[in-house]
Amino acid sequence: MLSRVAESLYWIGRYLERAESTARLLDVNYYAILEGAGLVTEQWPPLLGITGSENNFKSRHAKADAKSVPFWLAFDLYNPSSIRSCISMARENARSLRDRISTEMWESVNRAYLELCFNTDMVLQNDALHEYCTKVREVSHLFHGIALSTLQRDQGWQFLRIGQMIERADNQLRLLQVRYRKSKADGADFAEALENHRWMAVLKSASAYESYRKLHHTRLAPRSIAEYLLLEPSFPRSVLYSITGMRDALKKLPGSSGVLREADWLVARLEYARIEDILDDEKPSLERLMESIGVAGRMVNETYFSPR
Amino acid sequence: MFDAYDGSAFFDELFDADGQPRAHYAATLDRLNGFSKSEFERRRLLTDLAFRNSGITFTVYGDAAGTERTFPFDPVPRIIPASEWAHLERGLTQRVLALNAFLRDVYGEQAILNDGVVPRDLVLSCPQFRREVFGLKLPLGVYTHIVGSDLVRNEHGEYLVLEDNLRTPSGVSYVLGNRTALTRTMPGLFAGMGVRPVQHYTTALLELLRSLSPRDNPTVVVLTPGMYNSAYFEHSFLAQQMGVELVEGRDLFVSDGRVWMRTTEGKQRVDVIYRRIDDDYLDPTVFKADSSLGVRGLIEVYRQGHVALANAVGAGVADDKAVYAYVPKMIEYYLGEKPLLKNVPTLLGWDANDLGEMLKNPAELIFKAVGEAGGYGMLVGPAATQAEIDEYIKLVKANPRNYIAQPVIPLSRHPTYYPDSTRMEPCHVDLRPYILVGENVTIIPGGLTRVALKRGSLVVNSSQGGGSKDTWVLEGDGVPAQSQSQSQSQSQGSQSQSQSQSQRSAGQT
């Protein structure tokens, strides 16, 4: 497979996953904040932290509030990770390999681009953010669903999946890092109801609320939520699941021994670590895990995409 | 929808001089009239949406607002009866054989120049004449494998060749796309008509490309300048339909005297390149040094015969708009035949007498720069202001070799649906058939009918606001549908048969 084609598929996987994560995060928090009225006005800056774009944001907007942050995360083309930027980029990449992906895959992402990347000015004013975010999630699901049933299971499929899984693991870790720290610092100052409300939002951001509830019937405990999002092998958005998916895709690629070692090492650490090792002893820490994912991403790039 | 249709003044494809439908259009006209306006409009919108969603678009250069556009599609088909097409097929075959003979000759013995049939200076001064490939022996001796010649019809309905596109003609993807679109939205129009199929084009193209390599099971690729090129959709479409890699220059490299592509598993050898990049950008070590689209060292591998290029380097010398004027003489010189298709009369800036004529009446002529395509670099005298003419004439005087002029051909017109008036209005059309030249000459029935949608305009290029139509070649000469119900039920019976027949013959060629 052409290196350029592999790289484009990998990036489509990443961009669509990023758009989906951001849409979830924005959707859940936008409405959660409405309900928590008054007590939680400081809740906007953490969203910037989760998406890793504080500095960029500050150079464009004076204040992080209910207007500027949703605009930045969803529509601002100056934010390379905004939903609109991600969908445009996914579509650009898909356009460059129209001959390689199925026509249905291309059409789904092209339609998404036509629907979601134009005339976005009115979305917030018309209170249509929820519909917008729902559509974004559906776009990602539709695309991967079509890929699941039409894309050849050749290397291209593996690269698409690696991109998706790396991005998902990375987003999930960011969500935990920001939310868990924030919660620890606040300590017991906050009312339990609010805490509950906030952790519910975390679970919903990860599309994990319902499945978590099925396994844990107790009150929402931050620690068990973190455990679920990090280590639950059966939850398809957990970090362990994502990393395992990435590792399995790498196994099917030729010449992957270097990057496979890094991926195996990540999987091993997550499989054997208990939640207290990660949260209390920081062995490995959330930061260290994120770094490892970054290393794996760079190695994929060096092994397969960079001209030799 | 055909109320108040004005069919006078030009040759009309559908109606004869008395306003009666021509025989091969009669059944289709009846069926179109069978649609209510709203039903017709509903189906038209469906087609539009399908083109938009599938991203069948082209890029307009120098247009800041939204550079991707869909190519407007008019659902009223253009129909060519069998006998008319047979004549075109013979004429085009003759023409491409002569053009290839000419290219072999000018890059070899140069007999036609030595005999003074085509002026040597005119050929050698053409920027598309590539000394770099002089004396090269090409597979099958073919220089221009994929040809798109533009045909127009004058006021008498006579077909004339307006120009030959011998380098990287585009548009064939629209031929296939238009056919698919029309069969989906208006399947009833096709029933019993015996419309000859076109979808075998990509199979024929792949066969042709494979035949250019001496190796068994050669690796064929399509080389594109990238997704910002105006014809990118077509490049990806053809690669996909042929099942070959679509590559950019940066995906290829030369080492050990061969061309390779970079893959996730190392390098893979490339044998045949269907390139959609101009000669100038192919190899920075030979042509434009600053080209980032091409492949360093490609031409040397090509010269050694270790990679094949379609179309060949240097083919553009024969579609220079001044050299074009000599094609009828080439046909007589190489084939000893009378040209079946005439040229449009052409004045050459290169010739002092012609230049005088050109400068005398510029407002009555159409001027073209010899190396340009796509409707760029031209002046339509009758539609231009005096200032525009003066400006253009300055260019002509500065470099007469670079310009030609032709009289305004009153292009034939075809009823075309206008959503704004919800009526059929006459529009000027041309026809670009696609010709494949390998061991045999293959022409897909029909081609691309382009429509000048700007009211009254004679310019059909997509970059200048043109649209297109599905183009049918019939298996017969068509019958008037007087008793429609009868002819329909009859013809429906014969439809499956005629279709399977034509498919079989398509498989054999």
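Residues numbered from 1 in each chain as written. Chains lettered and ligands numbered in written order. Predicted model: local features only at pLDDT ≥ 70, side-chain atom pairs only at ≥ 80, totals over all residues.

A. Representation of the domain arrangement of chain B. All names here are of chain B. Taken domain by domain, chain B holds domain 1 (23-196 + 317-344 + 409-508) and domain 2 (219-270 + 272-306). Each side of the interface is counted separately: domain 1 has 14 residues, and domain 2 has 14 residues. At the level of elements, strand S1 (57-59) and helix H6 (172-185) are the ones that each hand at least two residues to the side of domain 1 that touches domain 2. With three residues, S1 is the largest single contributor of residues to the side of domain 1 that touches domain 2. A per-class count over the side of domain 1 that touches domain 2 returns five nonpolar, six polar and three charged. (Domains from an automatic or database assignment. Contact = placed C-beta atoms within 7 Å. Helix = DSSP H or I, 4+ residues; strand = E, 2+ residues; numbered from the N terminus. Nonpolar A, V, L, I, M, F, W, Y, C, P; charged D, E, K, R; others polar.)

B. Inspection of the interface of chain A and chain B at higher detail. Across the boundary between the two partners, chain A contributes 18 residues, which contact 18 residues of chain B. Contributing elements (two or more residues each) for the side of chain A that touches chain B: helix H1 (3-35) and helix H6 (103-116) of chain A. In terms of residue count, H6(A) provides more of the side of chain A that touches chain B than any other element does, five residues in total. For the side of chain A that touches chain B, the per-class residue count stands at eight nonpolar, four polar and six charged.

C. View of the pairing of strand S17 (residues 403-407) of chain B. Residue and element names in this part refer to chain B. For strand S14 (residues 347-348) and S17, the ladder comprises two bridges, and the chain directions are antiparallel. Residue pairing for S17: leucine 348 is matched across the bridge by isoleucine 404. Taken together, the five bridges between strand S15 (residues 365-369) and S17 define a ladder with antiparallel strand orientation. By the bridge assignment for S17, phenylalanine 367 is matched with alanine 405. (Pairing = 2+ DSSP bridges.)

D. A look at the packing of helix H3 (residues 82-106) of chain B against helix H10 (residues 327-335) of chain B. All names here are of chain B. For the pair H3 and H10, the least separation of the axes is 9 Å and the interaxial angle reads 80 degrees. Taken together, the axes of H3 and H10 are roughly perpendicular relative to one another. Contact with H3, carried on its side by Gln94, Arg95, Leu97, Ala98, Leu99, Ala101 and Phe102, involves Val327, Met330, Ile331, Tyr334 and Leu335 of H10 and no other residues of that element. Residues belonging to the contact of H3 with H10 are distributed by class as follows: 10 nonpolar, one polar and one charged. (Axes fitted to C-alpha atoms, helices over the stretch in contact; angles between N-to-C directions. Parallel < 35°, antiparallel > 145°, perpendicular 65-115°, else oblique.)

E. Main features of the domain arrangement of chain A. Residue and element names in this part refer to chain A. Partitioning chain A into domains gives domain 1 (1-151) and domain 2 (165-308). Computed over C-alpha atoms, the centres of domain 1 and domain 2 are 20 Å apart. With 20 residues of domain 1 at the contact, the number on the domain 2 side is 16 residues. Elements supplying a minimum of two residues to the side of domain 1 that touches domain 2: H1 and helix H2 (44-50). Here the element with the most residues in the side of domain 1 that touches domain 2 is H1; it accounts for 14 residues. Residue composition of the side of domain 1 that touches domain 2, by class: seven nonpolar, seven polar and six charged.

F. Spotlight on the environment of Ala263(A). Residues and elements named next belong to chain A. Residue position: alanine 263 is located in helix H14 (residues 257-272). Between the C-alpha atom of alanine 263 and that of isoleucine 243, which follows or precedes it by 20 residues, the distance is 7.1 Å. Contact partners of alanine 263, with chain neighbours within four places excluded, come to Ile243, Met246, Arg247, Leu250 and Ala296.

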